[in-house]
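# Remarks on the overall topology
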Amino acid sequence: MPEGPVAPTPNISPTEMEGYVARFHKLRGSEEAFVDSRLPGARRFKINLIGMGVVERTSLPELRPNIPLPALGFNLGMIQCDPGNGASLHSHTTEEVFMPLVGPWAVTWLNEAGEQEIILQPFDCIHVPVGVYRGFRYVGEGRGTLLTLIGGPDAGKVAWEPSVLARAAAQGVSRNAEGEVEGLTDGGRNA
């Protein structure tokens, strides 16, 4: 038996609980959430399930969390993309975890020897340490789905490998002083 006072159990009805469910067929997100969104090999659909993650277009309605529950210590999302696409090299001030749900994914990172790569199969899981430049790319067929978990509650902003920002600037896309993307016009689409 637990010692001490027991917190009252919230009385949540099934109707209220439905407000904390993200139905896959109703998920919203955007293909233009990041500064690298238009770079070759970086096209992806970002879905925020719980919390805002590290998106660089926080005012975009399509990127609002699909579950309105506050993120207390984590941000959960998904990435969907076609073969050969993913995220350019970047780092975070918090941990990041990847788990492929559909198809194999390559996770890349930089070390002293240059860019490294490891292939993850569905339901494999990798934890990328804080500060490591990392990226990922879908290497399967059809459309892949990757589950992402970022530490929080404030996941901070993306720190891009410098060449990524230069390539984005050549496409007319940059970030302002607050870290928000400028130069993208299409908000996104539904999943």
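Higher on the page you've got the structure.
Anyway, here's the lowdown on the structure attached to this text.

Calculation notes
Residues numbered from 1 in each chain as written. Predicted model: local features only at pLDDT ≥ 70, side-chain atom pairs only at ≥ 80, totals over all residues. Heavy atoms only, no water. Helix = DSSP H or I, 4+ residues; strand = E, 2+ residues; numbered from the N terminus. Buried < 20%, exposed > 50% of the residue type's maximum accessible area, 1.4 Å probe, protein only. Pairing = 2+ DSSP bridges. Axes fitted to C-alpha atoms, helices over the stretch in contact; angles between N-to-C directions. Contact = heavy atoms within 4.5 Å.

## Digging into unusual backbone geometry
The general pattern is negative phi for most residues beyond glycine and trans for most peptide bonds. Not every positive phi belongs to a glycine, and Phe123 is a case in point at roughly 75 degrees. When you line up the elements, Phe123 lands in the loop between strand 7 (114-120) and strand 8 (126-128). When its relative accessible area of 59% is taken as the criterion, Phe123 is described as exposed.

## Thoughts on the sheet that holds strand 5 (residues 96-102)
Taking strand neighbours across the sheet as the criterion, the five strands line up as 2-3-10-5-8 in an open arrangement whose pairing is antiparallel. With one partner strand each, in any of the chains shown, strand 2 (45-50) and strand 8 form the two edges of the open sheet. Mean inter-strand twist for the sheet, computed between neighbouring axes without regard to direction, equals 25 degrees. Alignment of strand 5 against strand 10 (residues 144-151), held across six bridges, turns out to be antiparallel. By the bridge assignment, Pro100 is partnered in strand 10 with Leu146.

## Considering the environment of Gly156
Looking at where Gly156 falls in the secondary structure, it is placed in the loop between strand 10 and strand 11 (159-160). Residues Gly156 and Val54 lie 102 residues apart in sequence; the distance between their C-alpha atoms is 6.1 Å. Leaving out residues up to four positions away in the same chain, Gly156 has contacts with Gly53 and Val54.

## Considerations on the pairing of strand 9 (residues 134-138)
Buried residues dominate strand 9, accounting for four of its five residues. Sheet topology places strand 4 (residues 86-91) next to strand 9; three bridges connect them, and they run antiparallel. Following the sheet pairing, His90 is matched in strand 9 by Arg134. Sheet topology places strand 6 (residues 105-111) next to strand 9; five bridges connect them, and they run antiparallel. What sits directly across from Thr108, in strand 9, is Gly135.

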